[in-house]
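Structural characterization, general
Chain by chain, the residues:
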Amino acid sequence: MHSHRVTGLEGWFAINRGPDSDAPPPPSWKQALAVLVALYPTVMILGFLTNPLMQSLSLPVQMLIGNLLSIIVLTWVVMPFVTRVLGFWLAARADDWKRQALGIGAIAATLAVFVLLFRML
C-alpha cells in the first residue's frame, strides 16, 4: 500500500508520477504557470460555449456553473495533458537553464497563440 498526501495544486502534478516516485512536486511558480496555460483556454472555450445558454441565470449561478465545469475539465482532461507535455520542464533541475528557457518560452508562445486565436472569435 502506498500513501502520498498532497495539498493545493500539486495534486494535479502528481498525476504522471508513479506511486514509487520520490520526486518532489515542481516549484510553486512552475505550477502556477502550468495552471495558467491550462486554465486560460479552458475558461475561454467554456465561456464561448455556455454563455449563450446561461444568459437568463444570475451572475452568481453562472459563475458557480462555469467554475464547476472548469474544474471538471481541468482535472480530468486538460491538466493531465499539460503535465505530460510540460513534464520535461516541470521536472527540470533549477540549473538546467536550457530546459527552463524552453519551458517558459513554450508557455509564453502558447499563451500568445491563444490570445490571438480568441481575439479572432
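**Some points on helix H5 (residues 97-120)**
Taking 1.5 Å as the rise per residue, H5 with 24 residues should run 34 Å; its terminal C-alpha atoms sit 35 Å apart, in good agreement. Along H5, the positions that sit buried rather than exposed are Gln 100, Gly 103, Ile 107, Leu 111 and Phe 118.

**Looking at the packing of helix H2 (residues 28-54) against H5**
For the pair H2 and H5, the least separation of the axes is 11 Å and the interaxial angle reads 15°. In terms of orientation, H2 lies roughly parallel with respect to H5. When you trace H2 past H5, the crossing you get is left-handed. Residues Trp 29, Lys 30, Leu 33, Ala 34, Leu 36, Val 37, Tyr 40, Pro 41, Met 44, Ile 45 and Phe 48 of H2 touch H5, and the partners they reach there are Gln 100, Ile 104, Ile 107, Thr 110, Leu 111, Phe 114, Val 115 and Phe 118. Partitioned by chemical class, the residues of the contact of H2 with H5 number 16 nonpolar, two polar and one charged.

**Some points on the confidence of the model for the protein chain**
Close inspection of predicted coordinates is inappropriate for parts of the model with low pLDDT. Predicted confidence across the protein chain gives a mean pLDDT of 89, with 82% of residues reaching 70 or more. Here helix H1 (residues 10-13) stands out as the least confident element of the protein chain, with mean pLDDT 65; H5 is the most confident, with 98.

**Some words on the side chain of Thr 42**
Here Thr 42 is to be found in helix H2. Assessed through its relative accessible area of 7%, Thr 42 is described here as buried. At a separation of 2.7 Å, a polar atom in the side chain of Thr 42 contacts the main-chain carbonyl oxygen of Ala 38. Discounting residues that sit within four places of it in the chain, Thr 42 has contacts with Ser 70, Val 73, Leu 74 and Val 78.

**A closer look at the pattern of salt bridges**
Two side chains carrying opposite charge are able to pair once their charged atoms lie near each other. Summed over all chains, the structure comprises two salt bridges. Here Arg 93 and Asp 95 are joined by a salt bridge, their closest N and O atoms 3.0 Å apart. The exposure class assigned to Asp 95 is exposed, which follows from its relative accessible area of 55%. Here Asp 96 ties to Arg 99 by a salt bridge, and the two come within 3.4 Å at their closest N and O atoms. When its relative accessible area of 19% is taken as the criterion, Asp 96 is described as buried. Looking at Arg 99, the relative accessible area reads 40%, which means it is partly exposed.

**Side note on the packing of aromatic side chains**
For the structure shown, the criterion picks out four aromatic pairs. The interplanar angle of 75° and the centroid separation of 5.5 Å between the aromatic rings of Tyr 40 and Phe 118 together place this pair among those described as edge-to-face. A residue pair is termed long-range when its members are at least 10 positions apart, and Tyr 40 in helix H2 and Phe 118 in helix H5 qualify at 78 residues. Classification of Tyr 40 as partly exposed rests on a relative accessible area of 26%. Judged by its relative accessible area of 11%, Phe 118 is buried. Measuring from ring centre to ring centre gives 5.9 Å for Phe 114 and Phe 118, while their planes differ by 10°; the resulting arrangement is stacked. Of this pair, Phe 114 and Phe 118 are both found in helix H5, four residues apart, which corresponds to roughly one turn of the helix. A residue is classified by how much of its surface remains accessible, and Phe 114, at 21% relative accessible area, is partly exposed.

Parameters at a glance
Residues numbered from 1 in each chain as written. Predicted model: local features only at pLDDT ≥ 70, side-chain atom pairs only at ≥ 80, totals over all residues. Heavy atoms only, no water. Helix = DSSP H or I, 4+ residues; strand = E, 2+ residues; numbered from the N terminus. Expected span 1.5 Å × (residues − 1). Buried < 20%, exposed > 50% of the residue type's maximum accessible area, 1.4 Å probe, protein only. Axes fitted to C-alpha atoms, helices over the stretch in contact; angles between N-to-C directions. Parallel < 35°, antiparallel > 145°, perpendicular 65-115°, else oblique. Left-handed = near helix turned anticlockwise from the far one by under 90°. Contact = heavy atoms within 4.5 Å. Nonpolar A, V, L, I, M, F, W, Y, C, P; charged D, E, K, R; others polar. pLDDT = per-residue confidence, 0-100. Polar contact = N/O pair within 3.5 Å; in protein donor to acceptor, adjacent residues only side chain to side chain. Salt bridge = Lys/Arg side-chain N within 4 Å of Asp/Glu carboxyl O. Phe/Tyr/Trp six-rings, centres within 6.5 Å; stacked < 30°, edge-to-face > 60°.

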